[in-house]
Amino acid sequence: MAQYEKRVFSGVQPTGNLHLGNYLGAIKRFADLQSSYECIYCIVDMHAVTARWTDPTELRTHVREVAAAYIATGINPKEHVIFVQSQVAEHAELAWVFNCVARMGWLNRMTQFKDKAGKNSENVSVGLFDYPVLMAADILLYRAHYVPVGEVQKQHMELTRDIAQKFNIDWADSIAAHGFGEAYFPIPEALIQGEATRVMSLRDGAKKMSKSDLSDYSRINLTDSVDAIRQKIRKAKTDPEPLPLDHKGFAGRPEAENLVSIFAALTQTSVDDVLKEYGGTQFSAFKAALADAAVEHLAPINAEMRRLLADPAYIDDVLQNGAEKAKVIAAETMRAVRDIVGFRN
Ligand code: AQP
């Protein structure tokens, strides 16, 4: 394996319906980072059960789907690490230590919990509330420097940084005494980049595109056929006005802004450039161009995912190898953390 100075970590939940938002907001950039950093990409099945338990067979199928998406989008599993969170017990172990570092007030401020729990906060699992602490453990277990994520994870990334900082301060003497210098955990940086860091639902520009949306027409799935992609874009909600000439024209038009941002991200241009070309155009013409761009971009990924999913033994092999590599790093971190906090090794 090549030597890299810095490490990247990110994860995706195997909750089915992997969509264009997951792709443009996160997965698309995973492969781009592998030439500069050591990359560790996780399939976070322990997060996937925080909202509800899934049928075990379905969960394993969804795990393979995320692995297939990682490989199909260009991540090289020989050079980098693709693995499943529940195969590395240290994620849960470090999360416990961090449960005793994080403060209730910090977690009470997490807006994603409020959104996901809604009016049902007394009845959701403790795991859903604690999700951001487990996420901090995922990242810091590998002492990662960079974390490519969508905009929705911004607040959780700030919490991860707070946990790393508090751990480093609370245990500063022990960290130094054990030869780790001034700080044990690096303070990780979120990479929230691109023109589509928050892709919205195709049915409602005020709602994020989401795996759990009951309407399949709200999202483009990475496994959608060419016909389905074209039909979903044709039916996407818009308004009767033509495309605006500049950014200001998006005021009160979230669906228009969403489709233009998706087009910019897919064609690797900027929203401004898209408006230069399509400003004043009717949506019917723009949607046809958007559908072409989406198909051109997603069809090869879709075909490669299908090819990989037809060979589950290969995917399982990649995941087993990945878990073995991840376990080496995770064990080293936990050994150090046990020394630092006074647990026995
Ligand atoms: N709509 C989105 N636009 C941009 N990025 C997004 N991400 C998720 N939705 C969008 C990013 O995808 C990565 C993996 O997400 P996740 O599996 O942790 O799921 P999530 O953030 O809870 O959102 P989902 O996928 O839509 O699932 P549900 O239905 O459970 O809410 C993350 O980097 C995320 O930011």
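Summarised in this report is the structure supplied together with it. If you're wondering where the values come from, they're calculated on a predicted model, not measured in any experiment.

This part takes up the packing of aromatic side chains. For the coordinates displayed, the defined rule picks out 17 aromatic pairs. Ring plane angle 5 degrees and centroid distance 5.5 Å describe the contact between Phe9 and Tyr142, whose orientation is recorded as stacked. Remark: Tyr142 occurs in the loop between helix H7 (126–141) and strand E4 (146–148) and Phe9 occurs in strand E1 (residues 7–12); sequence separation between them is 133 residues. The residues Phe9 and Tyr142 share a single accessibility class, namely buried. Taken together, the ring pairs connect Phe98, Phe167, Trp171, Phe180, Tyr184 and Phe185 into an aromatic cluster. For Arg143, the ring lying beneath its charged end belongs to Tyr184, and the centroid distance is 3.9 Å.

Take helix H3 (residues 56–72) next. Taking 1.5 Å per residue, 17 residues should reach 24 Å; H3 reaches 24 Å between its end C-alpha atoms and fits that length. Where H3 is concerned, the buried positions are Leu59, His62, Val63, Glu65, Val66, Ala67, Ala68, Ala69, Tyr70, Ile71 and Ala72. Within two residues after H3, Gly74 carries a phi angle of roughly 110 degrees, on the positive side.

Bringing helix H1 (residues 20–32) into the picture now. Compared with the 18 Å implied by 1.5 Å per residue over 13 residues, the 17 Å span of H1 between its first and last C-alpha is a close match. Within H1, the axis deviates most sharply at Ala26, by approximately 40 degrees. Across the 13 residues that make up H1, a large majority, 12, are buried.

Near the ligand lie 22 residues; those nearest to it are Val199, Lys208, Ser210, Lys211 and Ser212. Within the backbone of Gln13, an N or O atom sits 2.8 Å from an oxygen atom of the ligand. In the complex, 96% of the free accessible area of the ligand, which totals 630 Å², lies under the protein chains. Broken down by secondary-structure element, the contributors of at least two residues to the shell around the ligand are E1 and H1. The element that contributes the greatest number of residues to the shell around the ligand is H1, accounting for four residues. Residue composition of the shell around the ligand, grouped by class: seven nonpolar, 11 polar and four charged.

Working note: a packed helix pair is described by the angle between its axes plus the distance between those axes. Their axes nearest at 10 Å, the elements helix H4 (residues 90–99) and helix H14 (residues 312–341) cross at an angle of 25 degrees. Taken together, the axis directions place H4 and H14 in an arrangement best described as roughly parallel. Helix-helix and strand crossings are classified by hand; for H4 and H14 the assignment is left-handed. In this structure, H4 uses Glu90, Glu93, Leu94 and Val97 to contact H14, whose residues at the interface are Ala330, Ala331, Met334, Val337, Arg338 and Val341. Of the residues belonging to the contact of H4 with H14, the class tally is seven nonpolar, no polar and three charged.

Moving on, we get to the state of the cysteines. Per the counting criterion, the structure on display carries zero disulfides. Note on Cys39: no disulfide assigned, nearest cysteine sulfur contributed by Cys42 at a separation of 14 Å. With a relative accessible area of 0%, Cys39 lands in the buried category.

Quick look at the pattern of salt bridges now. Inspection of every chain in the model, using the stated rule, returns 13 salt bridges. Here Lys207 makes a salt bridge to Asp213, at a shortest N to O gap of 3.4 Å. Look at Lys207 and you get partly exposed, because its relative accessible area is 41%. A salt bridge links Lys237 to Glu255, with the nearest nitrogen and oxygen atoms 3.4 Å apart. Residue Lys237 is located in the loop between helix H10 (226–235) and helix H11 (254–266), and its partner Glu255 is located in helix H11; the two are separated by 18 residues in the primary sequence. Judged by relative accessible area, Lys237 falls into the partly exposed class, the value being 39%. For Glu255, a relative accessible area of 12% puts it in the buried group. Taken together, the shared-partner salt bridges connect Asp216, Arg219, Asp224 and Lys232 into one network.

Cut-offs applied
- What you see as residue numbers is a count from 1 along each chain, following the sequence as written.
- Local features in this predicted model are restricted to residues of pLDDT 70 or higher, and side-chain atom pairs are both shown and tallied only at a pLDDT of 80 or more, whereas totals for entire chains, interfaces and linings draw on every residue.
- Note that water and hydrogens are dropped before the side-chain values are worked out from all heavy atoms of the structure.
- Stacked, tilted and edge-to-face pairs are distinguished by plane angle, under 30 degrees for stacked and over 60 for edge-to-face with tilted covering the rest, among Phe, Tyr and Trp rings (Trp via its six-membered ring) whose centres lie within 6.5 Å.
- The way it works is that DSSP assigns letters per residue, a run of H or I at least four long becomes a helix, a run of E at least two long becomes a strand, and they are numbered from the N terminus.
- A simple rule labels every residue: compare its accessible area, found with a 1.4 Å probe on the protein chains alone, to the largest value its type can have, and call it buried under 20%, exposed over 50%, or partly exposed in between.
- To sit over a ring, a charge needs its Lys NZ or Arg CZ within 6 Å of the ring centre and within 35 degrees of the ring normal.
- Helix span is expected to be 1.5 Å times the residue number reduced by one.
- Bend at a residue means the angle formed by two fitted axes: the first through the 7 residues ending at that position, the second through the 7 residues beginning there.
- Note on definitions. A residue lies near a molecule or strand when any single heavy atom of the residue is within 4 Å of it.
- Counting of polar contacts relies on pairs of N or O atoms within 3.5 Å, with two restrictions inside protein: one atom must be capable of donating a hydrogen and the other of accepting it, and residues adjacent in sequence are counted only when both atoms are side-chain atoms.
- Exposure was quantified through the Shrake-Rupley algorithm and a 1.4 Å probe, taking into account, for residues, occlusion by the shown protein chains and nothing else.
- Gly is put with the polar residues, along with every residue not named as nonpolar or charged; the nonpolar set is Ala, Val, Leu, Ile, Met, Phe, Trp, Tyr, Cys and Pro, and the charged set is Asp, Glu, Lys and Arg.
- To define axes, lines are fitted to C-alpha atoms, for helices over the stretch in contact only, and angles between the resulting N-to-C directions are given on a 0 to 180 degree scale.
- Roughly parallel here means an angle under 35 degrees, roughly antiparallel means over 145, roughly perpendicular means 65 to 115, and every remaining angle is called oblique.
- A crossing counts as left-handed when the near helix is turned anticlockwise from the far one by less than a right angle, and as right-handed when that turn is clockwise.
- Whether two residues are in contact is decided by their heavy atoms: any pair within 4.5 Å suffices.
- Cysteine sulfur pairs qualify as disulfides if the two atoms are within 2.5 Å.
- Should a side-chain nitrogen of Lys or Arg be within 4 Å of a carboxyl oxygen of Asp or Glu, the pair is scored as a salt bridge.

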